[in-house]
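Observations on the model geometry
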Amino acid sequence: MAEVLVVVEATAAGVKKVTLELLTLARTLGSPSAVVLGGTGAAAAMTDKLAEYGAEKIYAAEGDEIDGHLVAPKATVLAALVRDVQPAAVLLGSTQEGKEIAARLAVKLDNGLLTDVLDLSTDGVATQTAFAGQTLVKSKVTRGLPLVTLRPNSVTPTPAPAASAPAVTSLDIALGDADRLAKVTERVAEQKGSRPELTEASIVVSGGRGVGNADNFKLVEEIADLLGAAVGASRAAVDSGFYPHQFQVGQTGKTVSPQLYVALGISGAIQHRAGMQTSKTIVAVNKDAEAPIFELTDFGVVGDLFKVVPQAAEEIRKRK
Ligand SMILES: Cc1cc2nc3c(=O)[nH]c(=O)nc-3n(C[C@H](O)[C@H](O)[C@H](O)COP(=O)(O)OP(=O)(O)OC[C@H]3O[C@@H](n4cnc5c(N)ncnc54)[C@H](O)[C@@H]3O)c2cc1C
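Read on for an overview of the structure. Everything numeric in this text was worked out from a predicted model, so none of it was measured. (Residues numbered from 1 in each chain as written. Predicted model: local features only at pLDDT ≥ 70, side-chain atom pairs only at ≥ 80, totals over all residues. Heavy atoms only, no water.)

Moving on, we get to the site of the ligand. Taken together, 25 residues are adjacent to the ligand, and R209, S234, T252, S267 and N286 come closest. One of the backbone N or O atoms of G265 is found 3.0 Å from an oxygen atom in the ligand. N286 has a polar side-chain atom sitting 2.7 Å from an oxygen atom of the ligand. Notes on the ligand: free accessible area 980 Å², of which the protein chains cover 76%. Mapping the ligand onto the cavity grids shows that it belongs to the second largest pocket. Breaking the shell around the ligand down by element, the ones donating at least two residues are helix 7 (235–239), helix 8 (270–273) and helix 9 (305–319). Classifying every residue of the shell around the ligand gives six nonpolar, 14 polar and five charged. (Near = heavy atom within 4 Å. Polar contact = N/O pair within 3.5 Å; in protein donor to acceptor, adjacent residues only side chain to side chain. Areas by Shrake-Rupley, 256 points an atom, 1.4 Å probe, with all protein chains shown as cover. 1 Å grid on protein atoms, 1.4 Å probe; cavity = no way out; pocket = protein on both sides within 12 Å on 5 of 7 lines; lining within 4 Å. Sits in = over half its atoms within 2 Å of the grid points. Helix = DSSP H or I, 4+ residues; strand = E, 2+ residues; numbered from the N terminus. Nonpolar A, V, L, I, M, F, W, Y, C, P; charged D, E, K, R; others polar.)

So, about the pairing of strand 14 (residues 230–233). Alternating positions in strand 14 separate into two faces, A230 and G232 on one and V231 and A233 on the other, with burial throughout. Inspection of the sheet shows strand 13 (residues 203–207) paired to strand 14 by four bridges, in the parallel sense. Of the residues in strand 14, the one forming a bridge with G207 is A233. Remark: the strand 13/helix 6 (residues 217–227)/strand 14 crossover connection has right-handed handedness. (Buried < 20%, exposed > 50% of the residue type's maximum accessible area, 1.4 Å probe, protein only. Pairing = 2+ DSSP bridges. Right-handed = clockwise from strand over helix to strand, strands pointing away.)

To continue, consider the nonpolar core. In this structure, V36, L50, L91 and L150 are the most contacted members of the largest nonpolar core, which totals 28 residues. Put simply, the parts of the chain that give this core at least two residues each are strand 1 (3–7), helix 1 (17–29), strand 4 (31–38), helix 2 (42–52), strand 5 (57–62), strand 6 (89–93), strand 7 (114–117) and strand 11 (147–150). Of the residues forming this core, the biggest block, five residues, is contributed by helix 1. Each residue touching L50, except ones within four places of it in the same chain, is listed here: V8, V15, T19, L23, A34, V36, A55, I58 and S164. (Core = buried A, V, L, I, M, F, W, Y, C linked by side-chain atoms within 4.5 Å. Contact = heavy atoms within 4.5 Å.)

Our focus in this paragraph is helix 9. Helix length check: helix 9 (15 residues) gives 21 Å between terminal C-alpha atoms against 21 Å at 1.5 Å per residue, within 8%. Taken residue by residue, helix 9 has L305, V309, A313 and I316 as its buried positions. One side of helix 9 holds all its buried residues, which, seen down the axis, span an arc of 65°. In helix 9, the exposed positions that point more than 90 degrees away from the buried face belong to K307, Q311 and K318. Elements in contact with the buried residues of helix 9: helix 6, strand 15 (260–264) and strand 16 (281–286). (Expected span 1.5 Å × (residues − 1). Arc of directions from axis to C-beta.)

As far as function goes, none of this settles anything; it's purely spatial.
Printed below as a string of structure tokens:
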């Protein structure tokens, strides 16, 4: 079976969930090979997790040359690996880094590229959305191999383990001056609470302008914590200073695709929908029965969120 390269993404906490989703998908397309591009010892730290999710092989390019220079060396290593291995496909997460690496790789290989893909079939046909999520599009790379970035939580929202025993192959690929043009000078760990990362969360609770002020966002956080959810916000809420920008969902914010999306005091403007409408189940609370968000919802409550949300929280508490 032909190899399918999965480019691994990780944080200090370990392999990111999107990588496990990609490995699960890769098993349907061929034989999954994980590609670790990181600092010294990165592959050893991740081998158990990658094996648990079915990586048949692990390729590792490690060290300061890779880790200390943003994405350029990673694309160079991948291009050499693709030429050598001739995989059936290359899969990356549709994250900021994944998309940047994929774009550089496409140029180096003179290969087509599909980004923000929601699904990929065995014949290489990808499903994407267009026009701010209004239309589903089927596309296929027609030049080169399927080079695809997949949106977290889309293809296989629950990654499935499949134990394997991968051998680790170290890659020693020569880098050039062009790969060293941008150097990492400092890394500062983001201050994170215990909530899941927004783009990877299975449940997202977002607040909009209807939440009223920054202090009231505690209500959004409270119900999010009861559900084990990440917190999001509309642009109006962010622009009004209710919640930090990194939590904005929508066309100019993050794209999320959780199992459950709860919109509180959000009207459902097209730019907000663009970032959340592929969520599997959508629930909204809005006091305006005509709010466009209700066109999308599986379950909508017309009511004042300051009455509805505390009652919902109480019910969830009783069931815990
Ligand atoms: C180029 C461009 C890019 C954009 N990108 C984004 C983006 O990435 N993300 C994004 O979100 N927006 C984006 N926008 C803005 C978007 O057009 C909307 O203005 C924004 O989404 C509105 O946010 P909102 O729904 O929170 O506010 P509003 O539209 O003001 O809606 C507030 C809602 O809260 C309801 N409400 C009020 N009080 C209560 C209450 N007590 N209980 C229940 N409901 C209540 C109201 O009925 C109303 O429906 C963009 C706009 C442009 C032009």
